[in-house]
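Letter by letter, the chains look like this.
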Amino acid sequence: MVTWENYEEYMLLDADGELNETEQVCLQAFIALHPELQKEQELYSAVRFAPDTTQLYQQKDLLLKEEPQKKTIAFKGWWAYGAAAGIAAIIGIWALKQPAQQPLVVDNTPAKVAPLVAVASEVKEPKDIHSSPVKTVTVENTIKRQPAAIVQTKKKNNEVPANTQKVIQPVTEPKVVTPQPETIAQASKEMEKTFRLQDPEPKTNTQPEVLPVEPIVTEPNTVELKTRRSGIDVLALLDVKESQGVADVKDAISAKLEQAKDIKNKIKGTDVSLRIGKKELFVLKF
Amino acid sequence: MELKEYNACVKQWADALFRFACKCTGNQEDAGDVVQNSFAVLWEKRGSVDPEKAKSFLFQVAYRQSVDIFRRKGGVTYSEEPEYAESYHPGHSDLKRVLDRALERLDEQSRALVLLKDYEGYRYEEIAQITGLSDSQVKVYLHRARKTLKEYLVSVEHII
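Definitions and cut-offs
- Residues numbered from 1 in each chain as written.
- Chains lettered and ligands numbered in written order.
- Predicted model: local features only at pLDDT ≥ 70, side-chain atom pairs only at ≥ 80, totals over all residues.
- Heavy atoms only, no water.
- Helix = DSSP H or I, 4+ residues; strand = E, 2+ residues; numbered from the N terminus.
- Buried < 20%, exposed > 50% of the residue type's maximum accessible area, 1.4 Å probe, protein only.
- Contact = heavy atoms within 4.5 Å.
- Areas by Shrake-Rupley, 256 points an atom, 1.4 Å probe, with all protein chains shown as cover.
- Patch = residues over 30% accessible without salt bridge, like charges linked within 9 Å, V, L, I, M, F, W, Y side chains within 5 Å.
- Salt bridge = Lys/Arg side-chain N within 4 Å of Asp/Glu carboxyl O.
- Lys, Arg positive; Asp, Glu negative; His and termini not counted.
- Charge placed at Lys NZ, Arg CZ, Asp CG, Glu CD.
- Pairing = 2+ DSSP bridges.
- Buried area = accessible area lost by both parts, 1.4 Å probe.
- Polar contact = N/O pair within 3.5 Å; in protein donor to acceptor, adjacent residues only side chain to side chain.
- Nonpolar A, V, L, I, M, F, W, Y, C, P; charged D, E, K, R; others polar.
- Phe/Tyr/Trp six-rings, centres within 6.5 Å; stacked < 30°, edge-to-face > 60°.
- Lys NZ or Arg CZ within 6 Å of the ring centre and 35° of its normal.
- Axes fitted to C-alpha atoms, helices over the stretch in contact; angles between N-to-C directions.
- Parallel < 35°, antiparallel > 145°, perpendicular 65-115°, else oblique.
- Left-handed = near helix turned anticlockwise from the far one by under 90°.
- Bend = angle between axes of the 7 residues up to and from the residue.

K.L.:
Explanation requested: the overall build of chain B in the structure shown.
P.N.:
A tally of helices and strands in chain B yields seven helices and zero strands. Across the 160 residues in chain B, those meeting the buried criterion constitute 51%. Residue pairs at least 24 apart in sequence account for 63% of intrachain contacts in chain B once pairs closer than 6 positions are excluded. If you sum the accessible surface of chain B, you get close to 7,900 Å²; carbon and sulfur atoms cover 45% of it.

K.L.:
How should the overall build of chain A be read in this particular structure?
P.N.:
In terms of regular secondary structure, chain A is built from seven helices and seven strands. Tracing chain A from N to C terminus, the helices and strands come up as α-α-α-α-α-β-β-β-β-β-α-α-β-β. Taken across its 286 residues, chain A has 15% of its residues classed as buried. The contacts of chain A with a sequence gap of at least 6 include a subset with a gap of at least 24, amounting to 58%. Total accessible area on chain A stands at roughly 23,900 Å², and carbon and sulfur atoms take up 58% of it.

K.L.:
Help me out: how do you make sense of a negative patch on the surface in this one?
P.N.:
Negative charge collects at one region of the surface, where B:Glu2, B:Glu5, B:Asp50 and B:Glu52 lie side by side. Within the fold, B:Asp50 resides in the loop between α2 (28-44) and α3 (54-72).

K.L.:
Hey, could you run me through the pairing of strand β7 (residues 279-285) of chain A in this one?
P.N.:
Looking along a regular strand, one sees the side chains alternate between the two faces of the sheet. Residue and element names in this part refer to chain A. Sheet analysis places strand β6 (residues 271-276) next to β7, joined by six bridges and oriented antiparallel. Paired with Ser-273 across the strands is Val-283, a residue of β7. In textbook terms, the turn of a hairpin is the stretch between consecutive antiparallel strands, and for β6 and β7 this stretch comprises two residues, one of which, Gly-277, has a positive phi near 70°.

K.L.:
Help me out: how do you make sense of the interface of chain A and chain B in this one?
P.N.:
Interface size is commonly expressed as the accessible area that is lost once the parts come together. Between chain A and chain B, the contact holds 30 residues from the first and 37 residues from the second. Summing the contributions of chain A and of chain B, the shared interface buries around 3,300 Å²; its carbon and sulfur component is 62%. Run the count over chain A and chain B and you get seven salt bridges. Put simply, chain A and chain B have 16 residue pairs in polar contact (both at pLDDT 80 or more) between them. Taken together, the elements giving at least two residues each to the side of chain A that touches chain B come down to α1 (7-16), α3 (38-46) and α4 (60-63) of chain A. Ranked by residue count, the leading element in the side of chain A that touches chain B is α1(A), at six residues. When its residues are assigned to classes, the side of chain A that touches chain B shows 14 nonpolar, four polar and twelve charged.

K.L.:
Help me understand the packing of aromatic side chains in this model?
P.N.:
Each aromatic ring pair is specified by the distance between its two centres and by the angle formed by the two planes. Per the stated rule, a full pass over the model turns up eight aromatic pairs over all chains. Seen in terms of ring centroids, A:Tyr57 and B:Phe18 are 5.3 Å apart; in terms of plane orientation they differ by 50°. Their pairing is tilted. Of the two residues, A:Tyr57 sits in the loop between α3 and α4 while B:Phe18 sits in helix α1 (residues 3-25), which places them in two different chains. Overall, the relative accessible area of 5% leaves A:Tyr57 in the buried class. Ring pairing ties together the aromatic residues A:Trp4, A:Tyr7 and A:Phe30, which thus form one cluster. Just above the ring of B:Trp43 sits the side chain of B:Arg46; from NZ or CZ to the centre is 3.7 Å. Sitting above the plane of the B:Tyr124 ring, B:Lys117 keeps its charged end 4.8 Å from the centroid.

K.L.:
Would you explain the packing of α3(B) against helix α5 (residues 108-118) of chain B in this entry?
P.N.:
Two numbers describe a pair of packed helices, the interaxial angle and the distance between the axes. All names here are of chain B. Two numbers describe how α3 lies on α5: the axes approach to 10 Å, and their chain directions differ by 150°. With respect to their mutual orientation, α3 and α5 come out roughly antiparallel. In this structure, α3 meets α5 at a crossing whose hand is right-handed. Along its contact with α3, which presents Phe-59, Tyr-63, Val-67, Phe-70 and Arg-71, the element α5 presents Glu-108, Gln-109, Arg-111, Ala-112 and Leu-116. In the contact of α3 with α5, the residues fall into six nonpolar, one polar and three charged.

K.L.:
So what exactly am I meant to see when it comes to α1(B) here?
P.N.:
All names here are of chain B. Trp-13 marks the point of greatest bend in α1, at about 50°. Of all the 23 residues making up α1, 18 are buried; the element is thus mostly covered by neighbouring parts of the structure. After α1 finishes, the residue Gly-26 shows a positive phi value of roughly 95°.

K.L.:
Please explain a nonpolar patch on the surface as it appears in this structure.
P.N.:
All names here are of chain A. A contiguous nonpolar patch, built from Val-272, Leu-274, Ile-276, Leu-281, Phe-282 and Leu-284 and spanning about 540 Å² of accessible area, is present on the exposed surface. At the level of elements, β6 and β7 are the ones that each hand at least two residues to the nonpolar patch. Within the secondary structure layout, Phe-282 lies in strand β7. Judged by its relative accessible area of 41%, Phe-282 falls in the partly exposed class.

K.L.:
What is the right way to read the environment of B:Glu120 from this model?
P.N.:
Residues and elements named next belong to chain B. In this structure, Glu-120 sits in the loop between α5 and α6 (124-131). Sequence separation between Glu-120 and Phe-20 is 100 residues, and the spatial gap between their C-alpha atoms is 9.0 Å. Those residues in contact with Glu-120 that lie beyond four places of it in its chain are Ala-16, Lys-55, Phe-59 and Leu-115.

K.L.:
Could you clarify how one ought to interpret the side chain of B:Lys55 in this entry?
P.N.:
All names here are of chain B. Its location among the elements puts Lys-55 in helix α3. Overall, the relative accessible area of 15% leaves Lys-55 in the buried class. If we skip the residues at most four places from it in the chain, Lys-55 touches Trp-13, Glu-120 and Tyr-122.

Here is the structure:
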């Protein structure tokens, strides 16, 4: 509600643009009722300032910040690097396409060879065609070289090693396979014919035949034993030397003690004095 | 605030800040210093300034620096009689010059309040935030300044 008491405040608020539409209508209505206030209203409206848009800040560019530029490194003589890379690539491809050649290696040191495995072939043979029941026994002899086996090989100019020592430890595990009855009958008949033709005197041995196996030859590691032996001997020698040294030290100490006792006995009852000029500093009495 | 946003602020608000500083300090040289310092502070504080509030931040810094400059120089004195009083006619183009003269008669705080209100269109609350005054103080100082300006216009009209 605009009154005579607050109309000026309304005019000021209108000049500041702080009146809403309703308040503005009220103010205009009050001014319409009192036309003598129209002049005052125009003056308040006149004291509003408008910015001079032609007035510009000329040093605006000095305020602007530039983005950090990315560093570009000049790659001069790129063709030389490219040519070098191309040559390297050609050499590499040529090297890859070359057939693999065995390198000529002269090695006089004993080489360790992977353990060999010798597997005997299966043996299927009827042992006694007259025995009953007929059984086909399959014996598998597996001869394996143990990992501890020592194989000494000397290679000289790609020559086949002449001196080779092998230690083979056979492992025999006989396997018994039970054949089918029908196949057994047929096989027995065929085998009977063949054995009668080939072997007029059939064998009566029912024991399965076992392939001859080389005896186990185990060569003890003499080098290792020697080193162990020498170590023990050295320890024993060290003990002896140590005991001798202690005895020597003991003798030396006892000798020194005896010498000290002799000196003490000799100087017993004598006085030792220290003088500088005529002045006697001190006297030691024993 | 990123670099692009800062540069956008320079392009958008440097002129307005310069005009405000010119009216507050009374000369373009000081106004240029105020603008440079304001943007320097903005650049330093860019990490903590919201881009939407960058304008208020700039005017806050410019207001304080302008007031400091004005007080350091002891203000600007003008002769009592307007030099161009005879050229004033209501509705005439010289009204702007008379108003500028009237504005220079105000104290530095009232002048800054009037400029923030008329030039930038800030509301009382926003002016209070920039100047550090309360809302009621802003309102009272602004009304007082308007009355002074109106009385100056009336006095010039009477001289004529």
